[in-house]
Amino acid sequence: MSKRDELITKYASDIKDKIGQTPDMDLLTKVTIGCGPSIYNADAATVSGGDQKELDTVKKNFLIKKLGLSDGPKLDEAIASVIEKYGKSNRNKYRAVVYYLLTKHFGKESVYK
């Protein structure tokens, strides 16, 4: 099993165990691949839910650039909702899982087809 496959398995168990959803493995794999090499860097692989600068980066680089959404309060609300679902006290919020949840939230799975 490759390092990426191991990480995808870890992300899937996070979605199951911490969020209580059954992951769409095809979409999760594509979102993970879309994260590129950042998934292998301990700092870049996670999202800090308490760091506004980091959340702004998620909004600008992922929601607006990647998913093609328009800026507005709905984006901030979605990010807050995903962070809440993932568990504010959970220190390791994996970027791929956050991006996966945001993709599902906005129904933008077609971006990864």
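So, how was this worked out
Residues numbered from 1 in each chain as written. Predicted model: local features only at pLDDT ≥ 70, side-chain atom pairs only at ≥ 80, totals over all residues. Heavy atoms only, no water. Salt bridge = Lys/Arg side-chain N within 4 Å of Asp/Glu carboxyl O. Helix = DSSP H or I, 4+ residues; strand = E, 2+ residues; numbered from the N terminus. Buried < 20%, exposed > 50% of the residue type's maximum accessible area, 1.4 Å probe, protein only. Contact = heavy atoms within 4.5 Å. Core = buried A, V, L, I, M, F, W, Y, C linked by side-chain atoms within 4.5 Å. Axes fitted to C-alpha atoms, helices over the stretch in contact; angles between N-to-C directions. Parallel < 35°, antiparallel > 145°, perpendicular 65-115°, else oblique. Left-handed = near helix turned anticlockwise from the far one by under 90°. Nonpolar A, V, L, I, M, F, W, Y, C, P; charged D, E, K, R; others polar.

Draft legend 1. Fine view of the pattern of salt bridges. Counted under the stated rule, the structure contains seven salt bridges. Here Lys59 ties to Asp76 by a salt bridge, and the two come within 3.3 Å at their closest N and O atoms. Taken as a pair, Lys59 in helix H3 (residues 52-66) and Asp76 in helix H4 (residues 73-86) lie far apart in primary sequence, 17 residues in all. Given a relative accessible area of 34%, Asp76 falls into the partly exposed group. Taking the shortest distance from any N to any O, the salt bridge between Lys104 and Glu109 comes out at 3.9 Å. When its relative accessible area of 35% is taken as the criterion, Lys104 is described as partly exposed. Put simply, Lys59, Asp71 and Asp76 are held in one network by salt bridges that share partners.

Draft legend 2. Molecular detail of helix H5 (residues 95-105). Burial analysis of H5 places nine of its eleven residues in the buried class, the great majority of the element. Taken residue by residue, H5 has Arg95, Ala96, Val97, Val98, Tyr99, Tyr100, Leu101, Leu102 and Thr103 as its buried positions. Check the buried side of H5 and you find it contacts helix H1 (3-19), helix H2 (25-34), H3 and H4. Directly after H5, the chain includes Gly107, whose backbone phi takes a positive value near 60°.

Draft legend 3. Summary view of the environment of Gln21. Looking at where Gln21 falls in the secondary structure, it is placed in the loop between H1 and H2. In this view, Gln21 contacts Ile15, Lys16, Lys85 and Leu101; residues no more than four positions away in its chain are not counted.

Draft legend 4. Structural detail: the nonpolar core. By size, the foremost hydrophobic cluster in this structure holds 33 residues, and its most contacted members are Tyr11, Leu63, Val97 and Leu102. Breaking this core down by element, the ones donating at least two residues are H1, H2, H3, H4 and H5. Broken down by element, this core gets its largest block of residues, seven residues, from H5.

Draft legend 5. Structural detail: the environment of Ser81. As for its placement among the helices and strands, Ser81 is situated in helix H4. According to the relative accessible area criterion, Ser81 is partly exposed, its value standing at 27%. With 24 residues separating them along the chain, Ser81 and His105 place their C-alpha atoms 9.4 Å apart.

Draft legend 6. Region of interest: the packing of H3 against H4. Their axes nearest at 10 Å, the elements H3 and H4 cross at an angle of 115°. Considering their axes alone, H3 and H4 lie roughly perpendicular with respect to each other. Here H3 and H4 pass one another in a crossing that is right-handed. For the pair H3 and H4, contact is made by Leu55, Val58, Lys59, Leu63 and Ile64 and by Leu75, Asp76, Ile79 and Ile83, respectively. When grouped by side-chain class, the residues that make up the contact of H3 with H4 number seven nonpolar, no polar and two charged.

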